[in-house]
Amino acid sequence: MIDRILEKTLKSKLHTGKAIVLLGARQVGKTTLLKTLFSSSEDLLWLNGDELDVQALFASISATRLKAIFGTKKIIIIDEAQRIHEIGLRMKLITDQIPEVQLVVTGSSSFELANKLNEPLTGRKWEYQMYPISFGEMVAHHGLLEEKRLLAHRMVYGYYPDVINNAGIENEILKQLSNSYLYKDVLLLEQIKKPQQLIKLLQGLAYQVGSQVSYNELSQLTGLDAKTVEKYIEVLEKTFIIFRLGSFSRNLRSELKKSRKIYFYDNGIRNALIANFNQVELRTDVGALWENFIVSERIKYSQYSQNWRNSWYWRTKEQKEIDYIEEQNGVLTAFEFKWNPDAKHKIPKLFLATYPGSQFKIIHRDNLENFLI
């Protein structure tokens, strides 16, 4: 079994007087993690927010009735809690009125769950995001050498647990996962009324990974107006399918100030959307695959290690560009991502002149461990 980094983090937060909120896309392993964490507990009540009777249970409820339902149970888990109406108020009721209970909730969409929690649960929760399995977790599982040997495979099929555990049928599993995303967690939402356009939008984003994204161009591709494109992208981000990376701009008029790149949290999902599972050696988009892989893995590493950094990309109107920039403790570090270790690249002199003291590094397949673990 592959150990998940968040297990130790969650264990350290148990019985501290706060609810634990675990967010992440479906099938990244939230339920499995909690079953592992509480495998020996007999004082556990598990409720599934996808079930209609559980939703009805919380529709109108008091602390007195909750105490009767919980009985002697000391750990209450509500899985897929975003399906429960006004879940934030229900959680506040539990944490305030039944403090002896450790409440743990999971959610696969932040805009239904997290946004409703912020106000009623201020100061009452620990919140974490869970991702598909990370490069670092696989290195801990079977060693750095073995995982680097599988690197080209991961770039095509990604890191979803079900994909890793079912070698040989990755294509089929990824198709099912991508459909689950589109039809269970996104299209059920009342904001999404044009599923075919949404699919076209996802495919357009998949083809533009690593490139500057234009909402107007996506509008022309999908037949949606630019504001609807932006709204759909926000929904896709809040259901943990994609994430945005903004542009870095401080000193130069020529720096792009409002542009963005969009990445997928998992390469396998990206490739499923464009129905391309060709191996790396046969692909013309290997640079985009590598950039999506390395940026998404860096996000996982930063979040799990709680080693916070600000991150952007950099580009000017004259097309000078840097793939990725981080700022930590006031120091800027610029990164270029190259699949080929022999590829040469020089940092734009304009960037160094404008931001003296900045560091510059090239990340390729032979040294990625220095960036990701």
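Residues numbered from 1 in each chain as written. Predicted model: local features only at pLDDT ≥ 70, side-chain atom pairs only at ≥ 80, totals over all residues. Heavy atoms only, no water.

1. Focus: empty space enclosed by the protein
Short version of the rule: Put simply, the grid is 1 Å and covers the protein atoms alone, a cavity is a trapped set of points that fit a 1.4 Å probe, a pocket is an open set with protein on both sides within 12 Å along at least five of seven lines, and lining residues have an atom within 4 Å of a point. Grid points are joined across faces, edges and corners, and a volume is the space filled by probe spheres set on the points. Strands here mean DSSP runs of E at least two residues long; helices mean DSSP runs of H or I at least four residues long; both are numbered from the N terminus. Note on residue classes: Ala, Val, Leu, Ile, Met, Phe, Trp, Tyr, Cys and Pro are nonpolar, Asp, Glu, Lys and Arg are charged, and everything else, Gly too, is polar.
Applying the stated criterion to the full structure yields two cavities of 30 Å³ or more. Estimated volume of the largest cavity: approximately 40 Å³. Among the elements that make up the lining of the largest cavity, the one with the highest residue count is helix H16 (residues 286–305) (four residues). Partitioned by chemical class, the residues of the lining of the largest cavity number three nonpolar, three polar and three charged. Residue lining of the second largest cavity: Gly 24, Ala 25, Val 28, Gln 129, Met 130, Tyr 131, Pro 132, Tyr 160, Phe 240 and Tyr 265, and that is the complete set. A breakdown of the residues in the lining of the second largest cavity according to their chemical character gives eight nonpolar, two polar and no charged.

2. Describing the packing of helix H12 (residues 195–207) against helix H13 (residues 215–222)
Rules: What counts as an axis is a line fitted to C-alpha atoms, over the stretch in contact for a helix, and the angles between N-to-C directions run from 0 to 180 degrees. Note that the term roughly parallel is reserved for angles under 35 degrees, roughly antiparallel for angles over 145, roughly perpendicular for angles of 65 to 115, and oblique for everything else. Put simply, a crossing is left-handed when the front helix is turned counterclockwise from the back one by less than a right angle, and right-handed when it is turned clockwise. Only heavy atoms matter for contacts: two residues are in contact if any of them lie within 4.5 Å across the pair.
The geometry of H12 relative to H13 is characterised by a closest axis approach of 9 Å and an angle of 135° between their N-to-C directions. Of the possible angle classes, the one that applies to H12 and H13 is oblique. Judged by the twist between their axes, the crossing of H12 over H13 is right-handed. In this structure, H12 uses Gln 197, Lys 200, Leu 201, Gly 204 and Leu 205 to contact H13, whose residues at the interface are Leu 218, Leu 221 and Thr 222. Taken together, the residues that form the contact of H12 with H13 break down as four nonpolar, three polar and one charged.

3. Comments concerning the layout of surface pockets
Any empty space left between atoms is shown by rolling a water-sized probe over those atoms. Computed from the structure, the largest pocket encloses a volume of approximately 550 Å³. Taken together, 25 residues line the largest pocket, and the ones lying closest to its centre are Gln 129, Tyr 131, Tyr 265, Ile 299 and Gln 303. Mapped onto the lining of the largest pocket, the elements with two or more residues apiece are helix H1 (6–13), strand E5 (125–129), helix H14 (226–238), strand E6 (242–246), H16 and strand E9 (321–328). No other element matches H16, which puts four residues into the lining of the largest pocket. Tallied by class, the residues present in the lining of the largest pocket amount to eleven nonpolar, seven polar and seven charged. When its volume is computed, the second largest pocket comes out at roughly 470 Å³. Lining of the second largest pocket is provided by 25 residues; of these, Val 28, Gly 29, Lys 30, Thr 31 and Thr 32 occupy positions nearest its centre. Looking at the lining of the second largest pocket, the elements that each hand over two or more residues are helix H2 (30–37) and helix H10 (161–164). Examining the composition of the lining of the second largest pocket, we find that five residues originate from one element, H2, more than from any other. Class assignment of the residues belonging to the lining of the second largest pocket gives a composition of seven nonpolar, eight polar and ten charged.

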